[in-house]
Amino acid sequence: MSSKRLSGSALTDLLQSLSGLLLVLFIWGHMFFESSILLGKDAMLWVTKMFEGEHLLGQAYPALVSAVAAGIFFLIAIHAILALRKFPGSAAQYRQFHRHMGSLRHTDTTLWYVQMVTGFALFFLASTHVLLVFLQPDNIGPYASSDRIWSGRFWLLYAPLLICVHLHAGIGVYRLVMKWAPIPAARTQQVRRRLKLAMWGIIGFFLCLGSASLVTYMKIGYDHADRVGERYLGAGEQRGD
């Protein structure tokens, strides 16, 4: 009986790790596509049309974006449910953990706590963003996205989302490697130090990339505030079409 419970716990750990890894890969890829705005409005429009299937299918199908959003929402829900089993279950357990963390002063324990807090925040922040994309898949583009961020004040959501998601993702990958990689015991501390340097480098890179993208969208939205609702059609296209 105990071996079955152990097997079930190990399987749950594996599913949590796999779902987390898939979400991290999606987040990092999403950041590169989203940052296409740094290359100009036409570059971002090309990426938007790509995800709507226009380059491959000959016309745009925003429902494809909704389908991806639905899949990501499902993955977030599964990952959150699996992760919740490791959260303290009561106020007394939270207090006990804080005392333990304060007395231990162990960096990896603190990183786990940061990941827990950011994960809790992401369940609401990321879910809201994904739900919006699911419901309004055709409201994405250089002007549409910028208007939502600036005139719609969604930068108030995206700014904390940016910080939480990259802290959570970076720490998560570090913990995945430490947990599953076959690291020789004699090299554990050396590998741990190098992985932490890589972790902070990756987190810093994506925070800078995301911040630059967000500021660019805000600037475009600010300049476009008197024409909210107008769609960007691309260089050379007729605005009246």
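Overview of the structure. Keep in mind that what you see is a predicted model, and the values were worked out from it rather than measured. (Residues numbered from 1 in each chain as written. Predicted model: local features only at pLDDT ≥ 70, side-chain atom pairs only at ≥ 80, totals over all residues. Heavy atoms only, no water.)

### Some points on the overall build of the protein
Here's step 1: A tally of regular secondary structure across the protein gives nine helices and zero strands.
Here's step 2: The secondary structure elements of the protein, listed N-terminal to C-terminal, are α-α-α-α-α-α-α-α-α.
Here's step 3: For the C-alpha atoms alone, the extent of the protein along its principal axes is close to 70 × 40 × 35 Å.
Here's step 4: Looking at the protein as a whole, 39% of its 241 residues are labelled buried.
Here's step 5: Within the protein, counting contacts between residues at least 6 apart in sequence, those at least 24 apart form 78% of the total. (Helix = DSSP H or I, 4+ residues; strand = E, 2+ residues; numbered from the N terminus. Buried < 20%, exposed > 50% of the residue type's maximum accessible area, 1.4 Å probe, protein only. Contact = heavy atoms within 4.5 Å.)

### Some thoughts on the nonpolar core
Here's step 1: Counting residues in each nonpolar core, the largest one holds 35 residues, and the members touching the most others are Trp28, Ile76, Leu122, Ile149, Tyr158 and Leu161.
Here's step 2: Those elements that provide at least two residues to this core are α1 (2-34), α2 (41-51), α4 (63-84), α6 (107-135), α7 (142-150), α8 (155-180) and α9 (188-223).
Here's step 3: At seven residues, the largest contribution of residues to this core is made by α8.
Here's step 4: The contact partners of Leu122, leaving out residues within four places of it in the chain, are Ser127, Leu161, Cys164, Val165 and His168.
Here's step 5: Leu167, Ile171, Tyr174 and Met199 belong to the second-largest nonpolar core, a separate cluster that totals seven residues. (Core = buried A, V, L, I, M, F, W, Y, C linked by side-chain atoms within 4.5 Å.)

### As for the pattern of salt bridges
Here's step 1: What the rule picks out here adds up to eight salt bridges.
Here's step 2: The residue Arg192 makes a salt bridge to Asp108 at a minimum N-O spacing of 2.4 Å. A residue pair is termed long-range when its members are at least 10 positions apart, and Arg192 in helix α9 and Asp108 in helix α6 qualify at 84 residues. Asp108 shares its class with Arg192; the two are buried. (Salt bridge = Lys/Arg side-chain N within 4 Å of Asp/Glu carboxyl O.)

### Points about the packing of α4 against α6
Here's step 1: Contact geometry of α4 with α6 gives a least axis separation of 8 Å together with a crossing angle of 160°. The orientation of α4 with respect to α6, classified from their angle, is roughly antiparallel. Here the hand of the crossing between α4 and α6 comes out left-handed. Facing Val65, Ser66, Ala69, Ala70, Ile72, Phe73, Ile76 and Ala80 of α4, the residues of α6 in contact are Phe123, Ala126, Ser127, Val130, Val133 and Phe134.
Here's step 2: Grouping the amino acids of the contact of α4 with α6 by side-chain chemistry returns 12 nonpolar, two polar and no charged. (Axes fitted to C-alpha atoms, helices over the stretch in contact; angles between N-to-C directions. Parallel < 35°, antiparallel > 145°, perpendicular 65-115°, else oblique. Left-handed = near helix turned anticlockwise from the far one by under 90°. Nonpolar A, V, L, I, M, F, W, Y, C, P; charged D, E, K, R; others polar.)

### Things to note about the packing of α6 against α8
Here's step 1: Following both chains from N to C, one finds α6 and α8 inclined at 135°, their axes separated by 8 Å at the closest point. The pairing of α6 with α8 is recorded here as oblique in orientation. For α6 against α8, the interelement crossing comes out left-handed.
Here's step 2: Grouping the constituent residues of the contact of α6 with α8 by class yields 17 nonpolar, seven polar and two charged.

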